[in-house]
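# Structure assessment
Chain by chain, the residues:
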Amino acid sequence: MRVVKVLIGVAILVGVAVLGGYQYWQSRLAAPIALDQATVYEVPEGAGFTRIIHELEARGIIDAVWPYRVLAKLSPDKANGLHAGEFELDPGMSGNEMLARLSSNNVVSYQLTIPEGWTFAEMRHRLNDAPKLKHRTQGMSDEEVMAALGHGDEHPEGRFFPDTYRYNKGMTDLGVLRRAYERMAETLQNVWAQRQDDLPIDSAYEALILASLIESETGVPDERRQIAGVFTRRLERGMRLQTDPTVIYGMGKEYDGNITRADLRRKTPYNTYVIDGLPPTPIAMPGAGALRAAVNPAPGDALYFVARGDGSHYFSSTLAEHNAAVRRYILNR
């Protein structure tokens, strides 16, 4: 009996020790990690759990690795569930919460804004400068970029929707371009389905071209449909569009900030002072407002407009009125 009592006592002591050790281990994982400010930690592609916890210790994010080594033994699924990527670790989060964050899809994201009216060349420059992106398109021609997107037979200008796009480290610039392309294709399809009857344009692509001219002419949202009305009436009457942004686009890198009379007479495929109808492609990336205006122009009789100098325009229905407005707003200034 005495031996039995001793064995029972030993068993109790062992049990108490095991329970105490278990509770202490759990308390270490439940305790706050050693951070006093938010920190971005990157789980490298293919990194093992042991490497990660040692790096966390080396960076002072955790103060010991043994609680996590025990966890890996007792719960290998948690050790094997970490995802590659950048994660933001917050002060006060527990070791368990940290592991849950590193096992989630809640990666750090960045944003890239493409303004309305930008050209494809400007978009490519911004993509090239974007941090954390994998730059697959650097060194590619525009044609090669479109081929990589599966649209090698299309001109890139105007094909990408201007907006703010979020991405995380490891994504490629082609991935961002693909999203912008699909967004424009979907938006254009929806807008074209809601067009007015009897427009002087015959396809969604022509609407895209017209919208790019509208976008390039005004940044005032309330003027877009008025600008569209002027262009629509000029197309209906066989008048040339005579819009300066097409002259600038056709000049390319030769444009130095000024347009001369010789530039207005220069024969390029885009110069709407010398060509009839629309240019062959868009000249910029139009936003949703310009797209809607292109297919729903405002009614009226204006055939001309001139910039006032404050971002807005003065609209005229006769050439005499327009010439007077030019003298007032352009020549006098």
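Going by the structure above, here's the rest.
The present account deals with the structure reproduced in this document. Here the residue numbering is sequential within each chain, running from 1 through the sequence in written order. The predicted origin of the model limits local features to residues at a pLDDT of at least 70 and limits the giving and counting of side-chain atom pairs to 80 or more, whereas totals for whole chains, interfaces and linings rest on all residues. To get the side-chain values, take all heavy atoms of the structure and skip hydrogens and water.

Take the packing of helix H8 (residues 173-192) against helix H9 (residues 204-217) next. Axis lines are fitted through C-alpha atoms, for helices just across the contact stretch, and the angle between N-to-C directions can take any value from 0 to 180 degrees. Where helices and strands are cited, they refer to DSSP runs of H or I of at least four residues and of E of at least two residues respectively, numbered from the N terminus. The interhelical angle for the contact between H8 and H9, taken along N-to-C directions, is 105°, at an axis separation of 10 Å. Between H8 and H9, the interaxial angle falls into the category roughly perpendicular. On H9, the residues that touch Met184, Leu188 and Trp192 of H8 are Ala204, Ala207 and Leu208. Considering only residue class, the contact of H8 with H9 consists of six nonpolar, no polar and no charged. By definition in this entry, angles of less than 35 degrees are roughly parallel, angles greater than 145 are roughly antiparallel, angles of 65 to 115 are roughly perpendicular, and the rest are oblique. Two residues qualify as a contact provided that any one of their heavy atoms is within 4.5 Å of a heavy atom in the partner residue. Any residue that is not Ala, Val, Leu, Ile, Met, Phe, Trp, Tyr, Cys, Pro, Asp, Glu, Lys or Arg is counted as polar, Gly included; the first ten are nonpolar and the last four charged.

In these notes, a set of buried Ala, Val, Leu, Ile, Met, Phe, Trp, Tyr and Cys residues joined through side-chain atoms within 4.5 Å is what counts as a nonpolar core. Only protein chains enter the accessibility calculation, which uses a 1.4 Å probe; a residue is then buried when its area is under 20% of its type maximum, exposed when over 50%, and partly exposed in between. Met123, Phe160, Leu177, Ile201, Ile214, Phe231 and Leu278 are the most contacted members of the largest nonpolar core, which has 52 residues in total. Elements represented by at least two residues in this core include exactly helix H6 (120-129), helix H7 (142-148), strand S4 (164-168), H8, H9, helix H10 (224-236) and helix H13 (288-295). The element best represented in this core is H8, accounting for nine residues. The contacts of Phe160, once residues within four sequence positions are left out, are Phe120, Met123, Met146, Leu149, Leu177, Ala180, Tyr181, Met184 and Met285. The next biggest cluster of nonpolar side chains, apart from the first, holds 23 residues, and it includes Ile33, Ile62, Met98 and Leu99.

Below, the discussion takes up the pairing of strand S2 (residues 85-89). Extensive coverage of S2 is indicated by the burial of four of its five residues. Relative to S2, strand S1 (residues 39-43) is paired through five bridges, and the arrangement is antiparallel. Among the inter-strand pairings, Glu42 is bridged to a residue of S2, identified as Glu86. Strand pairing is assigned whenever DSSP identifies at least 2 bridges connecting the two strands.

Here we come to the packing of aromatic side chains. The description of two aromatic rings rests on the distance between their centres and on the angle between their planes. Working definition: a ring pair exists when centres of Phe, Tyr or Trp rings (six-membered ring for Trp) sit within 6.5 Å. Plane angles under 30 degrees give stacked, over 60 give edge-to-face, the rest tilted. For the coordinates displayed, the defined rule picks out seven aromatic pairs. Ring geometry for Phe231 versus Phe305: centroids 5.8 Å apart, planes at 70°, classification edge-to-face. Of this pair, Phe231 sits in helix H10 while Phe305 sits in strand S5 (residues 304-307); the two residues are 74 residues apart in sequence, bridging distant segments of the chain. Each member of the pair, Phe231 as well as Phe305, is classed as buried. Judged by centre distance (5.8 Å) and plane angle (50°), the ring pair of Phe305 and Phe315 falls under tilted. In this pair, Phe305 is assigned in strand S5 and Phe315 in strand S6 (residues 313-316), connecting sequence segments 10 residues apart. Comparing Phe305 with Phe315 shows no difference in burial state: the two are buried. One aromatic cluster is present, formed by Phe120, Phe160 and Tyr181 through successive ring pairs.

The next thing to look at is the side chain of Thr187. Inspection of the secondary structure puts Thr187 in helix H8. Engagement of the side chain of Thr187 in a polar contact is seen with the backbone oxygen of Arg183, the distance being 2.8 Å. Beyond its immediate stretch of four places on either side in the chain, Thr187 contacts Phe161 and Leu291. Polar contacts, as used here, are pairs of N or O atoms within 3.5 Å; protein pairs need one atom able to donate a hydrogen and one able to accept it. Residues neighboring in sequence count only if both atoms are side-chain atoms.

When you line up the elements, Val65 lands in the loop between helix H2 (49-58) and helix H3 (66-74). The class of Val65 is buried, set by a relative accessible area of 11%. Taking the C-alpha atoms as reference points, Val65 and Ile53, 12 residues apart in sequence, are found 6.1 Å from one another. Those residues in contact with Val65 that sit more than four places away from it in its chain are Ile53, His54 and Glu57.

What follows covers a nonpolar patch on the surface. Patch membership needs two things, relative accessible area over 30% and no salt bridge, and members are linked within 9 Å if like-charged or within 5 Å if nonpolar (Val, Leu, Ile, Met, Phe, Trp, Tyr). Reported accessibility uses the Shrake-Rupley method at a 1.4 Å probe radius. Residues are deemed covered only where the shown protein chains occlude them. Any Lys or Arg side-chain nitrogen located within 4 Å of an Asp or Glu carboxyl oxygen qualifies as a salt bridge. Together, Tyr24, Trp66, Val70 and Leu74 make up a nonpolar patch on the protein surface, roughly 380 Å² of accessible area in all. Examining the composition of the nonpolar patch, we find that three residues originate from one element, H3, more than from any other. Assessed through its relative accessible area of 55%, Leu74 is described here as exposed.

Turning next to helix H11 (residues 244-251). Along H11, the residues that are buried comprise Pro245, Thr246, Val247 and Met251. The inward-facing, buried residues of H11 abut H9 and helix H12 (261-265). In the stretch just after H11, Gly252 is the one whose phi turns positive, near 65°.

Turning to helix H5 (residues 95-102), its buried residues are Gly95, Met98, Leu99, Arg101 and Leu102. End-on view of H5: buried residues confined to an arc of 160°, all on one side of the axis. The arc in question is the one spanned by the directions pointing from the helix axis to the C-beta atoms.

A separate point is the pattern of salt bridges. All chains considered together, the criterion is met by 13 salt bridges. Between Arg159 and Glu154 there is a salt bridge; the shortest N-O distance is 3.6 Å. Judged by relative accessible area, which is 18%, Arg159 ranks as buried. Of the charged contacts, one joins Glu215 and Arg224 as a salt bridge, the two residues approaching to 3.7 Å between their closest N and O atoms. Given a relative accessible area of 11%, Arg224 falls into the buried group. Salt bridges linked by common partners bring Glu116, Glu215 and Arg224 together as one network.

It is worth stressing that arrangement in space is one thing and function is another; only the former is reported here.
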